Amino acid sequence: MSALWTAACQTPWAKAQPQVLNAALSFNIDPVAWKTLRNSAAGFGYQVVQRQSDLLVSAPLEQYSQNRKGRIYRCTISGENCLNIQFREPEFAINMSFGLTMKSDPGTQNAVACGPTIPKDCKSITMYSGVCFQINRSNRFERPIPPSVKECLLQADIAFLLDGSGSVYSEDFQTMKTFVKNLVRSFLSSDTKFSVSQFSTSSKVHYYFDNFFSSGSWESNIDRIKQLDQATYTAEAIEHVVQNVFTPQRGSRSNAKKVLIVITDGESHDSHRLPYVARLAESKKIVRFAIGVGNAFNKPAAEQELKTIASSPSDKHIFQVRDFNALEIIRQNLQDNIFSIEGSQTSGESLKMEMSQEGFSAVYVPEGIQMSIVGANQWKGGYMQYTTGGQKVTPWQLLNPGVAQ
Ligand SMILES: [Mg+2]
């Protein structure tokens, strides 16, 4: 760095006042060897990496097909042509804005390029993920880091409470069990635990969260549940589940969304206690869905029971069962509503990686590659570290809130 002095204007006034020479910090620039690189690709030049004999230049806004965005060009120093480096992106790398981040490793002449804007439609919200690729000195793209984008995350503990009282027709009880099996099946790929209970005069927990999948074939286990066929103590059963099923000792997780699905005809013997147990469930942040079977919607008192049991608003938490097709519609609605609950949660510890985008920036470190994860840990941010081969070195690290990197 050298001091550059500027000359004063040669005006009559300046002659009379010969001074005004301020020091400015600057650096030496070779004024002769400029070279201009041009390309019509959108965003061309957003990131530039210099290697020994050429340059890598990114154009992250280049939309070259319906769902592909961002290209990397190799520009030779001798010529003025820049050629797109061809590579086959993984299927999941949709509109990733490739080249929004690019960094080089001077020691190996490798570079890492990232695309952090891969959208994924998760019902009520769109989640974004990112991916990076190392480009070796021969312009070969190595495997994606991370190897896949995150799935729509749903971490929920779902407890079913089936009305096994004598007022429920046996075919309706079978339909309930089919409903449970279909709903469980549709959540198998997510991080969801289940519990199944039945109630009549007394309540009976068939499976807790910690043994639903570990007690043999879960589908056969549900098939084997026999209707108790006695009186209807719905409030007592809800209280039992709230107090004895949604507990850490039985596998309920503090971070997971808690969901109780009560399937009943709505004619209980202890309806006066329903407001109390509903408040009790509410205090434990248990979201309640009420599914009406049989005469649940033919009698005003029965319908009122469903409203008391269910979380508000009623129209999103009460469903009617008439036939198998209706169950399918409910299953889909439940799936949407449960994710919407999960995605909108703004407190607690649930939002760690769900809203994070990997690769907004990246840097080489001795252990490999470090990628920032914007939006992680409830938008505080963090970073992930991988080997250059794509192995995760550390789990996400929390940065101090407000520290930008
Ligand atoms: Mg009954």
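Residues numbered from 1 in each chain as written. Predicted model: local features only at pLDDT ≥ 70, side-chain atom pairs only at ≥ 80, totals over all residues.

Condition: UniProt positions are given in the numbering used here, feature names are shortened, and annotations may be inferred rather than shown by experiment.
Where an unreviewed UniProt entry is consulted, the protein appears under the name Integrin alpha-M-like, with the organism given as Pundamilia nyererei. Entered under Subcellular location (unreviewed entry) in the UniProt record, the comment concerning the protein runs "Secreted".

**Remarks on the packing of helix 5 (residues 274-283) against helix 6 (residues 300-309)**
Stated precisely, the cut-off is as follows: For helices, the fitted line uses only the C-alpha atoms of the stretch in contact; every axis is such a line through C-alpha atoms, and the angle between N-to-C directions lies from 0 to 180 degrees. Segments assigned H or I by DSSP are reported as helices when at least four residues long, segments assigned E as strands when at least two residues long, and all are numbered from the N terminus. Here the angle decides the label: under 35 degrees means roughly parallel, over 145 means roughly antiparallel, 65 to 115 means roughly perpendicular, and every other value means oblique. Contact between two residues is assigned when their C-beta atoms, built from the backbone, lie within 7 Å. Gly falls in the polar group here, along with every residue not listed as nonpolar (Ala, Val, Leu, Ile, Met, Phe, Trp, Tyr, Cys, Pro) or charged (Asp, Glu, Lys, Arg).
Running from amino to carboxyl end, helix 5 crosses helix 6 at an angle of 25°, the nearest separation of the two axes being 9 Å. By the angle class used here, helix 5 and helix 6 are roughly parallel. On helix 6, the residues that touch Leu274, Pro275 and Ala278 of helix 5 are Glu305, Thr308 and Ile309. Grouping the constituent residues of the contact of helix 5 with helix 6 by class yields four nonpolar, one polar and one charged.

**Quick word on the sheet that holds strand 4 (residues 54-65)**
As a reminder, the rule being used: For two strands to be treated as a pair, DSSP must find no fewer than two bridges joining them.
Read from one edge of the open sheet, four strands run 3-4-5-6, paired in antiparallel fashion. Since the sheet does not close on itself, it has two edges, and those belong to strand 3 (48-50) and strand 6 (82-84), each with one partner. Pairwise comparison of adjacent strand axes, ignoring direction, gives a mean angle of 30° for this sheet. Note: strand 3 against strand 4, three bridges, orientation antiparallel. In the strand pairing of strand 4, valine 48 is matched with valine 57.

**Overview of the environment of alanine 235**
Looking at where alanine 235 falls in the secondary structure, it is placed in helix 4 (residues 234-244). Sequence-wise, alanine 235 and tyrosine 276 are 41 residues apart; in three dimensions their C-alpha atoms are separated by 8.4 Å. Not counting chain neighbours up to four residues away, the residues in contact with alanine 235 comprise Ser268, Asp270, Ser271, Arg273, Leu274 and Val277.

**Digging into unusual backbone geometry**
As a reminder, the rule being used: Backbone-placed C-beta atoms define the burial measure: a residue is buried with 20 or more other C-beta atoms within 10 Å of its own, exposed with 12 or fewer, and partly exposed in between.
In the segment running from isoleucine 145 into proline 146, the intervening peptide bond is cis, with an omega of -5°. You can see proline 146 is positioned in the loop between strand 9 (125-135) and strand 10 (155-163). Proline 313 follows serine 312 through a cis peptide bond whose omega is 0°. Here proline 313 shows up in the loop between helix 6 and helix 7 (314-317). The phi dihedral of aspartate 229 falls on the positive side, at around 65°, and the residue is not glycine. By the C-beta count within 10 Å, which is 14 here, aspartate 229 ends up partly exposed. Residues other than glycine seldom take positive phi values, yet lysine 285 does so here, at roughly 55°.

**A look at the sheet that holds strand 13 (residues 257-264)**
Taken in spatial order, the six strands line up as 12-11-10-13-14-15 in an open sheet, and their pairing is mixed. Edge positions in the open sheet fall to strand 12 (203-207) and strand 15 (318-320), since each of these has one partner strand only. Strand after strand, the sheet turns through a mean of 20° between neighbouring axes, direction not considered. As paired strands, strand 10 and strand 13 are joined by seven bridges and run parallel to one another. Looking at strand 13, one finds that aspartate 157 is bridged to lysine 258. Here helix 6 sits on the sheet in contact with strand 13, strand 14 (286-292) and strand 15, set at roughly 160° to strand 14.

**Brief notes about the confidence of the model for the protein**
Which entries qualify depends on this criterion: Per-residue confidence from the prediction method is given by pLDDT, with values spanning 0 to 100.
Mean pLDDT over the protein: 82, with 79% of residues reaching 70 or higher. Ignoring residues within four places in sequence, the model shows residues 1-18, a span with pLDDT below 50, making 14 contacts including any to other chains. Segment residues 400-405 is flagged for pLDDT under 50; beyond a separation of four residues in sequence, or across chains, it makes four contacts in the model.

**A short note on the environment of lysine 69**
Locating lysine 69 in the fold gives a position in strand 5 (residues 68-76). Separated by 27 residues in sequence, lysine 69 and methionine 96 place their C-alpha atoms 5.9 Å apart. Beyond its immediate chain neighbours, meaning those up to four positions away, lysine 69 contacts Leu61, Glu62, Gln63, Asn95, Met96, Ser97 and Phe98.

**Some thoughts on helix 4**
Basically, it comes down to this: Within this analysis, the arc is defined by the directions that extend from the helix axis to the C-beta atoms.
Among all positions in helix 4, only Thr234, Ala235, Ala237, Ile238, Val241 and Val242 are buried. Summarising the axial view, the buried residues of helix 4 lie within an arc of 165°, below the 170-degree limit, and thus occupy one face. Along its buried surface, helix 4 packs onto strand 10, strand 11 (191-199), strand 12, strand 13, helix 5 and strand 14.

**Points about the nonpolar core**
Quick reminder of the rule: For our purposes the nonpolar core covers buried Ala, Val, Leu, Ile, Met, Phe, Trp, Tyr and Cys residues that link as a set through C-beta atoms within 7 Å.
The biggest cluster of nonpolar side chains holds 53 residues, and the ones touching the most others in it are Leu161, Ile238, Val241, Leu260, Ile261 and Val262. Beyond its immediate chain neighbours, meaning those up to four positions away, isoleucine 261 contacts Ile158, Phe160, Leu161, Phe289 and Ile291. In this structure, Ala41, Val57, Met96 and Phe98 belong to the second largest nonpolar core, which totals 35 residues.

**Quick look at helix 6**
Residues spaced three or four apart along an α-helix face the same direction, because each turn holds 3.6 residues. Of all the positions in helix 6, only Ala302, Glu305, Leu306, Thr308 and Ile309 are classed as buried. For helix 6, the angular spread of buried residues about the axis comes to 160°, placing them on one side. Packed against the buried residues of helix 6 are strand 13, helix 5, strand 14 and strand 15.

**Some words on the environment of phenylalanine 179**
Mapped onto the elements of the fold, phenylalanine 179 is located in helix 2 (residues 170-186). Spatially, the C-alpha atoms of phenylalanine 179 and isoleucine 263 are 9.7 Å apart, while their sequence positions differ by 84 residues.

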